[in-house]
Every structure is written in C-alpha cells, then in structure tokens.
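# Coordinate inspection notes
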Amino acid sequence: MGSHARPNRIHRTGARIATVALFGAVLPITAAGLAEAATATTTHSAEETEASGEATTPASQNQGALDTRDQAAPTIKADHAFLLDARDGSQEREMWAGPKADESVSMASTTKIMTALVVLKHPEWLDRQITVKQSYRDYVSANGASTADLQVGDTLTVRQLLHAMLLPSGADAAMALADSFGAGDTEDARIADFENQMNAEAQQLGMTGTHFDSFDGISHGDNRSTARDLAKLGQRAMLQPVFADVVKDKQFKTEAPAANGHTRYYTWNNTNDLLSTYDGALGIKTGSGAEAGYSLVFAAKRDNRTLVGAIVGADQEVFDDATKMLDWGFAH
C-alpha cells in the first residue's frame, strides 16, 4: 500500500460534520424543542473525510444481482475483502475471501467496533453519565481526528457516547469511553488498560490477525486487522441489540446537560453511505486515513438472510465494492 496514492483531504480516522447547539435550560425537551434547536443549531465544520459514494438505485442493485449469478466471485477492486453469511446470527459461514483477506493492515476507525464491544460487556452502565474533559478535545486537535464535537463540561451517558463514536466516528467520544471503562490512576493508564481489554476480546474471538494499540484507529505503529477478522468482529457486534440499534441510524439527535446549567443539543450523522444507497443495509462502521486508506465493515439483510462483510486498507472508497459483494452474496 505504501507506494499507492492516498487521499489528501481525510483525517486519520474519518469524519463527518457534528452539529451542536446550546439553549437555556428552560427550553422544554419536546419534539417542538428539538425542532427549534435544529433551526438554530451552530454547525462546527470538519473536513469531509469519509467521502460519500454516489447513490445506487434499486434498479442498478437488481441488475447487479442478476449479473453475479454466473460469476465465481464478486468483481471488485479491493484485495483485502471478506464476506460471510451470518445465518441465524449465532453461526457464520464463509462465502468469499479476497486474495489478501488474511493480510493484517491498518484498520482505521473500524477499530471503534471493538471499542463498542468492550463497553457493551457492561450493559448495566449504559445510563452512566460521563463528563467531557478538555483532554478529549485536545486529543482530537492534536491528531486531526474525526470528532463528535463534544463540548467540555457536558455530561453524556454511555449510550449517547456510543452514538457519538459510531455515527460521526467521534474520536473524542471513543476517548471518553476508553478513559471511563479502563482501570488505573491516570488517564494514560486507564486508556492502556482499555486497549488491553480490546486485545483480550480479540483473542477470545479468535481474531488471530488483529492487534490493537489504539481505542479509535489512530495507530501507534501496530493497530491492524484482516478483512476476515473484521467481518467476524462485525458479526459478533451485531449480536448486541444496542450496537445494532446504534449503527442502523442515519442520524441521531440528542440533548445533554451543559456545564453552565443549560441544555446542549447534538446532531450526529452516520458516515456509512450504504444506509442510504443499499436496500436492506444494517450498518456497520467506516474507516479512513491518509496512511490507512479506506475501510468498511458492513451488513445487510434480505429475504431473512444476513450477510456481513469487510474491506480494509483499500486505495479508494469502498461503498461500490461493498455493494457488489452484497449483491453477489445474496445471489448465491
């Protein structure tokens, strides 16, 4: 991958615009209040880092399904790719593996799938409140990371932070979760412990080609996975109802208490364009970076069949390849 051109206008883990608005606490939390908040929102701009693919029409999808019936494999550009049939959810069956499906490469923000899975080992803490620290915003700024634009002093629940991490790919939200779910006397120690938990979970899942040195995908030299491992991780994550509910949302609006006693309104948009372009798409997570390239873990359901796939470390956007893989899978 090193000799290939990489995108110049992307952050290291992928981003979309996060919208945040602050209103007085007297504003009632109602549909009307949310509508008023949306009208007056302040948009915090971020570079578009996980570029959207051109919409695929249902007609083109159907044609793709017909075209793949006589093919031995989907015709895609990515080499690091893998597709499995999730069957009843508790089992998995390999459908197709690309020529480099088992080669470990940088996985960018698809790392956050494991971050969420470790957090969800403690469902009793979903309503636990976490206060946003200045260090979370400083981390985003220092690394040019994707952000949910969390504001210092705001108090959000773990459930809200999962949305903030998985939809706009917020590294600030990922750091808040790692800092809160790790053990240790310092922030660095807690984050290191959380990353150890991520690696322990990967080992338990049999992800032999995977290693985490990051909670969000910004690698310190050894944050890597394979397409096969990531598809397996995506399949296991989708067994968690909370995770599945989060990643299917195209947009999520919520409010949180601000430090000054007012109410903050957040709007987060999902970076996964398949949710808008592919019939039956369920999620899961995008990733991109100047060094890591483009990655996508995806799932879709048609005719009571659920397919899960992964593309990692590609030299170009991967939504079109994912569409072709799914069309091929549903045709077989």
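Residues numbered from 1 in each chain as written. Predicted model: local features only at pLDDT ≥ 70, side-chain atom pairs only at ≥ 80, totals over all residues. Heavy atoms only, no water.

## Side note on the environment of Ile311
Here Ile311 lies in strand β13 (residues 305-314). Sequence separation between Ile311 and Ala231 is 80 residues, and the spatial gap between their C-alpha atoms is 8.5 Å. In contact with Ile311, not counting residues within four places along its chain, are Ala78, His80, Ala81, Tyr294, Ser295, Leu296, Phe298, Val318, Asp321, Ala322 and Met325. (Helix = DSSP H or I, 4+ residues; strand = E, 2+ residues; numbered from the N terminus. Contact = heavy atoms within 4.5 Å.)

## What about the nonpolar core?
Grouped together as the largest cluster of nonpolar side chains are 67 residues, with contacts concentrated most on Met114, Leu150, Leu162, Leu177, Phe243 and Trp268. No other element matches the 8 residues that helix α6 (residues 171-181) contributes to this core. Core analysis: the next-biggest nonpolar cluster, separate from the first, contains 24 residues, Tyr278, Leu307, Val318 and Phe319 among them. (Core = buried A, V, L, I, M, F, W, Y, C linked by side-chain atoms within 4.5 Å. Buried < 20%, exposed > 50% of the residue type's maximum accessible area, 1.4 Å probe, protein only.)

## Some thoughts on the packing of helix α3 (residues 111-119) against helix α7 (residues 187-204)
Between α3 and α7, the shortest axis-to-axis distance is 10 Å and the interhelical angle comes to 95 degrees. Comparing their axes, α7 and α3 come out roughly perpendicular. On the side of α3, the interface is formed by Thr111, Met114, Thr115, Leu117, Val118 and Val119, while α7 contributes Phe194, Gln197, Met198, Glu201 and Ala202. The residue makeup of the contact of α3 with α7, split by class, is 7 nonpolar, 3 polar and 1 charged. (Axes fitted to C-alpha atoms, helices over the stretch in contact; angles between N-to-C directions. Parallel < 35°, antiparallel > 145°, perpendicular 65-115°, else oblique. Nonpolar A, V, L, I, M, F, W, Y, C, P; charged D, E, K, R; others polar.)

## So, the side chain of Ser295
Here Ser295 is to be found in strand β12 (residues 293-302). A polar side-chain atom of Ser295 sits 3.1 Å from the main-chain amide nitrogen of Gly313. The contact partners of Ser295, leaving out residues within four places of it in the chain, are Ser106, Met107, Thr110, Lys285, Thr286, Gly287, Ile311, Val312, Gly313 and Val318. (Polar contact = N/O pair within 3.5 Å; in protein donor to acceptor, adjacent residues only side chain to side chain.)

## Considering the confidence of the model for the chain
In the predicted model, the chain carries a mean pLDDT of 84, and the fraction of residues at 70 or more is 77%. This stretch, residues 1-17, has a pLDDT under 50; its non-local contacts, to residues over four places away or in other chains, come to 82 contacts. For residues 22-70, every residue scores under 50 in pLDDT, and the model assigns this stretch 96 contacts once sequence neighbours within four places are set aside. (pLDDT = per-residue confidence, 0-100.)

## Thoughts on the pairing of strand β9 (residues 251-257)
Of the two faces of β9, the one lined by Phe252, Thr254 and Ala256 is fully buried and the one lined by Gln251, Lys253, Glu255 and Pro257 carries no buried residue. Here β9 folds back onto strand β10 (residues 263-269), and the loop between the two strands holds 5 residues, one of which, Gly261, carries a positive phi near 90 degrees. (Pairing = 2+ DSSP bridges.)

## Digging into α6
Burial of α6 is extensive: 11 of the 11 residues sit out of reach of the surface. Taken together, the buried positions of α6 are occupied by Ala171, Asp172, Ala173, Ala174, Met175, Ala176, Leu177, Ala178, Asp179, Ser180 and Phe181. Contacts made by the buried residues of α6 are with α3, β6 (129-131), α4 (134-143), α5 (158-166) and α7.

## A word on the packing of α3 against α5
The N-to-C vectors of α3 and α5 enclose an angle of 170 degrees; their axes lie 10 Å apart at closest approach. Put simply, α3 runs roughly antiparallel to α5. Residue-level inspection shows Lys112, Thr115, Ala116 and Val119 of α3 in contact with α5, the latter providing Val158, Leu162, Met165 and Leu166. Class assignment for the residues of the contact of α3 with α5 results in 6 nonpolar, 1 polar and 1 charged.

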